Every structure is written in C-alpha cells, then in structure tokens.
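Structure at a glance
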Amino acid sequence: MSGADHLPGSPLHNEVTHFLYVEAKLLDNSRYSDWFSLFTEDVRYWMPVRTTRFLAAGKGFDEDMALIDDNYISLKTRAKRLESDSAWAESPPSRTRHFITNVMVKDGAAGEIAVSSCFMVTRTRSDRDYQFFTGVREDSLRCIEGGLRIARRKILIDQTVITNTNLSILF
Amino acid sequence: MFRTIKPSAASADRARLSGGETLEQLVRAEEGLVSRRIFTDPEIYRIEQEKIFERAWFFIGHESEIPNPGDLVTRPCGVDPVVLVRDDEGVIRVFLNSCRHRGMRVCRTDKDNARFLRCPYHGWAYRTDGSLVSVPAESHYGPGELEKEKLGLIPVAQLGIYHGLIFATWNEHAPPLKEWLGDMAWYLDIIVNRTGGIEIVGTPQIWDVDCSWKFAVDNFTDNVHVFSAHQSLVQLGMLPNDPDFACHGNMITTGNGHILHFVKGAPGEAAFLYLGLPKEMWPLFDKNLKPAQKEIAAAHGISAGTVWPNFHWLQLVTSGEMNGHPHAYLNFRLELPLGPTRTRMYSWLAIDKAASAEYRKISYETYVRTFGPGGIFDQDDMENWEDCTIANVGPAAKRHTLHHTMGVNRKTDPNWPGPGRAYSDSYGEMTQRAWYAEWRRMMTAADGAGK
Ligand code: FES
Ligand SMILES: [Fe+2]
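A quick note: this is a predicted structure, and the numbers were derived from the prediction, not measured. (Residues numbered from 1 in each chain as written. Chains lettered and ligands numbered in written order. Predicted model: local features only at pLDDT ≥ 70, side-chain atom pairs only at ≥ 80, totals over all residues. Heavy atoms only, no water.)

1. Structural notes on the overall build of chain B
Rule in force here: Strands are runs of DSSP state E lasting at least 2 residues, helices are runs of H or I lasting at least 4, and numbering of each runs from the N terminus. For the radius of gyration, the atoms used are the C-alpha atoms, and the globule rule reads 2.2 Å times the number of residues raised to 0.38. The buried label applies to any residue whose accessible area, calculated with a 1.4 Å probe on protein chains only, is under 20% of its type's maximum; exposed applies above 50%, and partly exposed to all values in between. Residue contacts are defined here by distance: any two heavy atoms, one from each residue, within 4.5 Å place the two residues in contact.
When you go through chain B residue by residue, the secondary structure sums to 15 helices and 20 strands. Since a compact globule built from 451 residues should have a radius of gyration of about 22 Å, the 23 Å found for chain B is in line with a globular shape. Scored against the burial criterion, the 451 residues of chain B give a buried share of 61%. Across chain B, every contact between residues at least 6 apart in sequence was considered, and the portion connecting residues at least 24 apart equals 65%.

Below you can see the structure in the form of structure tokens.
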C-alpha cells in the first residue's frame, strides 16, 4: 500500500467505509447471496495459516498453507451452502456481529483502491458462549458500474491456533 | 527417567471405577455397545493419561518438515509438548520441550532454525542433540553440584521413522514401531510410498474443538455419516444424491487397533482409480508397490485410516466447489486431548514428491476448500463432535451406551488381497469396534507394554 492516502472524511474514505459497513450488515443478517454479489469474478478470498515465530522471522503467515483460499466459484459455494438448510455447522445459524474499524484507504495498483480494516467478529451459536475472531483484512476494491467490488481479500487472522471450533462464518 | 511406567497397585485399583463398574463392562466393543461415559468422564480421562498417552506410539511430524540441521518444530507427543529437531549431524530427535532446570518451555515458536536450544529463563543452552552445553553463572555451582553431562533435554523413550513419518513414544517397554504398526505398515506403504514418497505442504492447520478426542477419532473411518452430515454438499451437487454412494469398498482391521477403509467410485470413473492421482503418475505405482498393494490402490479412490490411537490419513477424491471436477489430496490428522471435553486438532496436507506443479496446486486448493477448520466438509463434522460431547456429559446419558452394531455379524472377505481382516461393504462399524477394543485392552493392561 504505497499510493496516496484518502483520509477519514474524504469522499473516497466515506464511500469505502460505508461499503464495508453495508457488507458487514449483509453478513450479520445472513444475506449471503447479496454479500457474494460484492465480489469480482477474479477474486481471491484468502486467509493464510499463521504460525508463532520470533519477530525477526516476520509475522508468521505461511503463504503455502491457508485456512481459507477461495476463488469466485468456491466462494459462491461457501455462500450458497450457508443458505441451505443442511450446513450443520451453521444450521441453526450462529449469531455473528462484524465490528469493522481502523479503515485506511489508499490508491492501489491498476486503478484499484487498497483498503485495510481491522475486524472483530463475535459468534455465539445455540447455547454456547461467545467466540471472538480478530484480525486485519487487506482488500483491493474496484469501482465497477459506479459501485465498489472486492477483487481481493487477504484476511490476516490474529490467532495461530484457531481456538473457536471452526471457521464456518465469513469475514 | 521421565514418567517411568510401573505396574502398580494403583493400576489394579483403577480396574474398578467409582460407581463400581469396570472398563470391561463399559466397553462391550464386540457387541458394538460402548458406554457414553468413556467420552466425557474426568476419571476415565485421567486414566487415559497414564494408560494411553504415556504408552502408545504417536505421530510427531514428517521428515520433510525439518529438512536442514537445526530445523525444529514444536508438537505434542501424546499429551506432552515436544520439540522435533534435526541435529547438527542430521539426526532426527524428539525431546520433551521443557528445560531440565525449572521446567521452562525451551522452544517457544511453532518452527525455527537454531544452532542451540536456549532456555530464556536462566539461559541454559542445549545443543540440537539435546546435550547441555552452557549454564550461566556456572562458577557459582560448587564441585559436584551440577552434572552437566546428565542434564540434557529429556528424550522420548523410542523414536521410529516409517517412510518419513516420525513417531515417538514415552514408553521404553513399547514394542518397536515396526512391530507396533504390524500389518498397518503394508497399507501405509500404499498411502505414503505409492509414487516414491510424499512431503508436507507448509505448516499444519491447528484448531480447538469442544469435544471428546474420541468422538473425532470415531468419525474418521465412518463412511455412513457422509450422506447426512455432509448433506449440504449433496444439495450443492458436490456429492452424489445417493445414500449408498460410499458403500462400495472394504473395511479393514489390521490388529493392535489399527483400522482403515478403501472406497471405490462408480464403475469406470477414472477419477476414483489409483487413489485419484493423475494418470501420468500411475506407472510409479508399479515401481513402488507390491502387486497386491498396487491392485488395491488402482481400484480405489478414497481411503481413510487410523494408526491407533490418534494418527489418521484421509486420501480423498472430491471437488472443492459446486459442479467442479473431483481431485485428490492426502491429509494427515492428529488429536491432542486438552481435557475430557476439549481437543486440539492438527491437520496437514501431504503431496507426492513426484507431483506436477499443476497437481500440487489443485490438490492444495481442493484440500483447503473442503477440510480443516475452514473446509466446507470438515466444519460440519466438528459440529457433530461438539454436540455428541455436550449431550453426553450428564449422569443420565452416561448410564447408556452408544450404538456401533453395523456389520457385527458380517463375515470377513476371503478375496481381499491385503493383510488383516477385511470386510466387504464399506458401510460398517467394524473399524470403530476394533478401535474401542484396543482402547479397552490398553486401559486395562497392567504392564508398560500394554500386555
Ligand atoms: S528454567 Fe531453563 S534455565 Fe532455568
Ligand atoms: Fe465428515
């Protein structure tokens, strides 16, 4: 992310932030097909595995192994599955809340917008306690027919051991 | 010596549980009647620590994960933390990951490359062969107060490597690995040596599930669950809309609790031949396998197996997306119990060393999309393990058994070309029954070898 910054309050920052809030609301309201329509056909939706390493070795993300690594069709499969009545990990559905903060907006490569945002996602399902998922999303957004679309999302999760049963929700 | 296992009066006392029952009464494996109590009872969990997790052989990792001298990864051996390291001479070693001084965890990252294993607490430093090399403030020890040569890192009692798979045990009385594996080694050849060897891709996915470790194990060789548990994938056209589709194959028990199955696809389906590997790799099977091993590999697409108690492979053929083409991958699995109702899962992707770049990529994508915590198959399994656990912690539930009777009267298949007891029809619960029978044997055995 080396392009020009778009500061909070600027028109592009406002538009991107609003877009991310709308997206989060779609997820929290289980509107998975509508959520999926926000992605471009060349999307990579990717959560690499993280490992515990010393500082000198970097942040510990393993580019060779992922927890999620979807293209357009497999992401669509994931979204459609959540709308079926037999995806037992989410049926009956979890209640999620996506808190999106620290939105930073820059000009990206090839006319794209480079956005980073922090997330805290809470999940509670059936009678079980809260689970928390936190991390950073690095998005490449594209303006298509007057609307924003997500062309790439790299989800940098904070946990090296996912202590929360599974990753059956979306980020 | 760390955790020496002695036949003791305590073991005999434990034959009778509080409430008066014996483990023999709770686990009637041959009849397919296993008490729900064994899954969630803290008393039984405590007995497992000594009788299973100090005694059995455990998978630690694969040689390819530590290719160079000084490479190390941290793992469990049973339920104790270990460091798996390749020493300066290239020798693979496994040590308790705990300093000899005050017990501090010595290696505190998931992987590293190190010349010395240095404890951060007071600075004791060990060579990669485990020997203690330096102790700060050493001059303050008087004569005879510090016997450095006796204070190396605590090694596992035995270490064994089979086709690059590294196993270890804390039990000096355990039979050697090859004997422990027995006939299972013949089947492991098919899985890991069919094309001349495999290697691990990246690092394992690790995640925690609120379940009994035994529910995760039970699920692993269960073919019957696929149609119901993964019904969403039937609806998405990723699995056949036929409740019998995974029944064409054999269930096999090889003794010592090791269990596996092989499943065929529909007749003539090339994606389900040679374990789903691409055609250009098929000639390698002839070179690396015995004729009977090759015959089995050539005729089947799917195989899952459990090296008793908690190491598993899954050789699967599936699509990673709606209406996609099926592709193969090889997954290894390990359960680390964190308590009676919490389990840490380790999941690795393995790939044949001979694989093309194209097959590596599609195998990786198919694996990540379907298995592990984010996989759209696997995540529904975790829901089942958790709810099986939640529903069986209460005293009323614990008075009842589960039901594992499918195929309890089935005869063995005399035409199966491999060793062990094979049963045709891959819908059956003989694998779980064999696993529980071995669990009962180890839990009630008096001596350290589990005899
Ligand atoms: S505990 Fe390791 S040096 Fe003291
Ligand atoms: Fe399953």
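2. A closer look at the sheet that holds strand β5 (residues 80-86) of chain B
Residue and element names in this part refer to chain B. Note the cut-off: If DSSP finds at least two bridges between two strands, the strands pair. Axis definition: a line fitted to C-alpha atoms, over the contacting stretch in the case of helices. Angles run 0 to 180 degrees between N-to-C directions.
Read across the open sheet, the four strands follow the order β6-β5-β4-β7; overall the sheet is antiparallel. For this open sheet the edge positions go to β6 (92-96) and β7 (111-113), each flanked by a neighbour on one side alone. Across the sheet, the mean angle separating the axes of adjacent strands is 30° when strand polarity is ignored. Direction of pairing for strand β4 (residues 71-77) relative to β5: antiparallel, over a ladder of six bridges.

3. A word on helix α7 (residues 213-220) of chain B
Within α7(B), eight of the eight residues are buried, which leaves it mostly tucked inside the rest of the structure. Of all the residues in α7(B), the buried ones are B:Trp213, B:Lys214, B:Phe215, B:Ala216, B:Val217, B:Asp218, B:Asn219 and B:Phe220.

4. Regarding the packing of aromatic side chains
Both the distance between ring centres and the angle between the ring planes are used here to describe each pair of aromatic rings. Residues and elements named next belong to chain A. Applicable threshold: Pairing of aromatic rings covers Phe, Tyr and Trp, the last through its six-membered ring, and needs centres within 6.5 Å; plane angles under 30 degrees mean stacked, over 60 mean edge-to-face, and all others mean tilted.
Under the definition given, this model contains 30 aromatic pairs over all chains. Relative to Tyr45, the ring of Trp35 lies with its centre 5.8 Å away and its plane at 85°, an arrangement referred to as edge-to-face. Here Tyr45 lies in strand β2 (residues 39-50) and Trp35 lies in helix α2 (residues 32-36), a separation of ten residues in the sequence. Like Trp35, the residue Tyr45 is buried in the burial classification.

5. Describing a nonpolar patch on the surface
Quick reminder of the rule: Here a patch means residues that are over 30% exposed by relative accessible area and free of salt bridges, tied together within 9 Å if like-charged and within 5 Å if nonpolar (Val, Leu, Ile, Met, Phe, Trp, Tyr). All accessible-area figures derive from a Shrake-Rupley calculation using a 1.4 Å probe, and residue coverage is judged against the displayed protein chains alone. One speaks of a salt bridge when a side-chain nitrogen belonging to Lys or Arg is within 4 Å of a carboxyl oxygen belonging to Asp or Glu.
Nonpolar side chains collect at one region of the surface, where A:Phe99, A:Met120, A:Tyr130 and A:Phe132 lie side by side and expose about 420 Å² of accessible area between them. Among the secondary structure elements, A:Met120 is positioned in strand β5 (residues 113-124).

6. Concerning the pairing of strand β18 (residues 327-339) of chain B
Residue and element names in this part refer to chain B. Of all 13 residues that make up β18, eleven are buried, and the element is covered over most of its length. Taken together, the eight bridges between strand β17 (residues 311-318) and β18 define a ladder with antiparallel strand orientation. Bridge pairing in β18 places Trp313 opposite Phe332. One ladder, built from nine bridges, connects β18 with strand β19 (residues 342-352); its direction is antiparallel. Bridge pairing in β19 places Leu330 opposite Ala350. Here β18 hands over to β19 after two residues, the two strands then running antiparallel side by side.

7. Focus: the layout of surface pockets
What counts is decided by this rule: Here the term cavity refers to a set of points on a 1 Å grid, laid over the protein atoms alone, in which a 1.4 Å probe fits but cannot get out; the term pocket refers to an open set having protein on both sides within 12 Å along at least five of seven lines, with lining residues being those that place an atom within 4 Å of a point. Grid points are joined across faces, edges and corners, and a volume is the space filled by probe spheres set on the points. Nonpolar residues are Ala, Val, Leu, Ile, Met, Phe, Trp, Tyr, Cys and Pro. Charged residues are Asp, Glu, Lys and Arg, and all others, Gly as well, are polar. Where each domain starts and ends comes from a domain assignment, either automatic or drawn from a database.
Considered as a void within the structure, the largest pocket measures approximately 660 Å³ in volume. In terms of lining residues, the largest pocket is bounded by 38 residues, among which B:Leu239, B:Phe245, B:Ile302, B:Leu316 and B:Val317 are the most central. Counting residues per element, the ones that place at least two in the lining of the largest pocket are α7, β15 (258-263), β16 (302-307), β17 and α13 (378-390) of chain B. If one sorts the elements of the lining of the largest pocket by residue count, β17(B) sits on top with four residues. Each pocket or cavity is described by its volume, and for the second largest pocket that value is around 450 Å³. As for the second largest pocket, its lining consists of 26 residues, and the residues nearest its centre are B:Thr74, B:Arg105, B:Asp110, B:Arg344 and B:Tyr346. Residue assignment for the lining of the second largest pocket shows that the elements contributing at least two residues are β2 of chain A together with β4, β5, β13 (198-209) and β19 of chain B. Of all the elements, β4(B) adds the most residues to the lining of the second largest pocket, at four residues. Partitioning the lining of the second largest pocket into residue classes produces twelve nonpolar, seven polar and seven charged. Shared between two domains, the lining of the second largest pocket holds at least three residues of each, these being domain 1 (58-162) and domain 2 (183-442) of chain B.

8. Details of the coordination of the iron ion (ligand 2)
Residues and elements named next belong to chain B. Heads up, the condition is: Only nitrogen, oxygen and sulfur atoms count as donors, using a 2.8 Å cut-off from the metal that widens to 3.2 Å for Na, K and Ca. Water is left out, so coordination shells may look unfilled.
Here the iron ion (ligand 2) is held by His225 (NE2), His230 (NE2), Asp381 (OD) and Asp381 (OD), and the distances to it run 2.1 to 2.3 Å. Donor residues binding the iron ion (ligand 2) come from one chain and are separated in sequence as H-x4-H-x150-D. Linking His230 in the loop between α8 (226-229) and α9 (231-235) with Asp381 in helix α13, this pair joins segments that are 151 residues apart in sequence. For the pair His230 and Asp381, one class covers both residues: buried.

9. A word on the nonpolar core
In plain terms, the rule: Joining through side-chain atoms within 4.5 Å is the link that ties buried Ala, Val, Leu, Ile, Met, Phe, Trp, Tyr and Cys residues into a set, and such a set is a nonpolar core.
If you look at the biggest cluster of nonpolar residues, it comprises 168 residues, and the most contacted ones within it are A:Val16, A:Phe171, B:Tyr187, B:Phe332 and B:Trp439. When residues of this core are assigned to their parent elements, the largest contribution, eight residues, is made by helix α6 (residues 184-193) of chain B. Both domains that meet at this core, namely domain 1 (58-162) and domain 2 (183-442) of chain B, each give it at least three residues. Beyond its immediate chain neighbours, meaning those up to four positions away, A:Val16 contacts A:Val103, A:Val105, A:Ile113, A:Val115, A:Leu141 and A:Leu148. Listed in part, the 17 residues of the second largest apolar core include B:Val83, B:Trp124, B:Tyr126 and B:Leu132.

10. Considerations on the sheet that holds strand β12 (residues 165-169) of chain B
Through backbone hydrogen bonds, the strands of a sheet pair up, either in parallel or in antiparallel fashion. Residues and elements named next belong to chain B. Taken together, three strands build an open sheet; the order of strands is β3-β12-β11 and the sheet is antiparallel. This sheet does not close on itself; its edge strands, each paired only once, are β3 (58-62) and β11 (158-162). Sheet twist, expressed as the average angle between the axes of neighbouring strands with direction ignored, equals 30°. Pairing of β11 with β12, which is carried by five bridges, proceeds in the antiparallel orientation. When the bridges of β12 are listed, Ile161 appears paired with Ile166.

11. A look at the packing of α6(B) against helix α11 (residues 291-299) of chain B
All names here are of chain B. Put simply, the rule is: Roughly parallel covers angles under 35 degrees, roughly antiparallel covers those over 145, roughly perpendicular covers 65 to 115, and oblique covers all other angles. Put simply, a crossing is left-handed when the front helix is turned counterclockwise from the back one by less than a right angle, and right-handed when it is turned clockwise.
Between α6 and α11, whose axes approach to 10 Å, the crossing angle comes to 55°. For the element pair α6 / α11, the angle class is oblique. Here α6 runs over α11; the crossing is right-handed. Residue-level inspection shows Trp186, Tyr187, Asp189 and Ile190 of α6 in contact with α11, the latter providing Ala292, Gln293, Ile296 and Ala297. A class-by-class count of the residues in the contact of α6 with α11 yields six nonpolar, one polar and one charged.

12. Some thoughts on the domain arrangement of chain B
One widely used convention gives an interface's size as the accessible area the parts lose upon coming together. Residues and elements named next belong to chain B. Spelled out, the test is: Once two parts are brought into contact, the accessible area they lose, counted with a 1.4 Å probe and summed over both, makes up the buried area. Pairs of N or O atoms are called polar contacts if they sit within 3.5 Å, as long as, within protein, a hydrogen donor faces a hydrogen acceptor (for residues adjacent in sequence, only side-chain-to-side-chain pairs).
If you check the domain split of chain B, you get domain 1 (58-162) and domain 2 (183-442). Its C-alpha centre places domain 1 at a distance of 34 Å from the equivalent point of domain 2. Across the boundary between the two partners, domain 1 contributes twelve residues, which contact 16 residues of domain 2. In this assembly, domain 1 packs against domain 2 so that about 1,300 Å² is buried in total across both faces, 73% of it on carbon and sulfur atoms. The largest contributions to the domain 1 side of the interface with domain 2 come from Phe59, Pro76 and Tyr162, which together make up 45% of the buried area. Seen at the junction of domain 1 and domain 2, the total is five residue pairs in polar contact (both at pLDDT 80 or more). Elements supplying a minimum of two residues to the side of domain 1 that touches domain 2: β3 and β4. Among the elements that take part in the side of domain 1 that touches domain 2, β3 stands out by supplying four residues, more than any other.

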